[in-house]
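Coordinate analysis (summary)
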2 protein chains.
Amino acid sequence: MGQKESIVTTDSPRYVKSIPLRNVSDVEKIKSEIQLGNIVICNISPLANVNIDEVVRCVNELTEYIHTNEGDIARLGEERIVLTPKTIRIWRTPDP
Amino acid sequence: MGQKESIVTTDSPRYVKSIPLRNVSDVEKIKSEIQLGNIVICNISPLANVNIDEVVRCVNELTEYIHTNEGDIARLGEERIVLTPKTIRIWRTPDP
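The paragraphs below set out a description of the structure included in this document.

Basis of the calculations
- Residues numbered from 1 in each chain as written.
- Chains lettered and ligands numbered in written order.
- Predicted model: local features only at pLDDT ≥ 70, side-chain atom pairs only at ≥ 80, totals over all residues.
- Least-squares fit on C-alpha atoms with pLDDT ≥ 70 in both.
- Contact = placed C-beta atoms within 7 Å.
- Helix = DSSP H or I, 4+ residues; strand = E, 2+ residues; numbered from the N terminus.
- Nonpolar A, V, L, I, M, F, W, Y, C, P; charged D, E, K, R; others polar.
- Pairing = 2+ DSSP bridges.

**A look at the relation of the copies chain A and chain B**
For these two chains of identical sequence, chain A goes onto chain B by a turn of 180° and a shift of 0.0 Å along the axis, with RMSD 0.0 Å. A rotation of that kind, with that shift, is consistent with a two-fold axis. Interface residue correspondence from chain A to chain B reaches 100%, placing this contact among same-surface, isologous pairings.

As structure tokens, this is what we get:
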């Protein structure tokens, strides 16, 4: 067991990166960070203030990517989404 | 190298947990999550709306705890702070 595919070990520094969604091309930037094993907190309001349809498309694309890569994605308040790579889950509270 | 102290491996599920700061006792809850190797996103506004002095005390205590435990702490927008355990860093962008 254990194919030598993963570049992430406990010795690799992982990062939490805050990346604003300003335009559609930021989707690729976010995917790259997830691929590297980093956690992304994405503020969608810069693009949401300009074109809400593009935000929906971007979030749909990211959701599909995250599911394909066994990561996790969730909203954080009104303006942000959190995206995690495989092995890191987002805790859902039963909080109202 | 490699003392067998760490309970966190790539096989351990880590969580991103959103924990609101409602009162001073939430500080211990947040410390416990960091101790477990989890990442905490803490919305400080519930307590900030009631007693800003207590928020300052809580954040000072958390900052000290994080530094002692070699984690990382940073603001996220106006209402939130992010706290990470050892091995996970918060990326600081040169973004204005």
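**Observations regarding the environment of G37 of chain B**
Structurally, G37 of chain B can be placed in the loop between α1 (26-35) and β2 (39-43). Taking the C-alpha atoms as reference, G37 of chain B lies 6.4 Å from R14 of chain B; in sequence the two are 23 residues apart.

**A word on the interface of chain A and chain B**
With 20 residues of chain A at the contact, the number on the chain B side is 20 residues. Per element, the largest residue contribution to the side of chain A that touches chain B is five residues, and it comes from strand β1 (residues 14-18) of chain A. By residue class, the composition of the side of chain A that touches chain B is eleven nonpolar, six polar and three charged. Here three bridges tie β1 of chain A to strand β5 (residues 88-90) of chain B, and the two strands are oriented parallel to one another.

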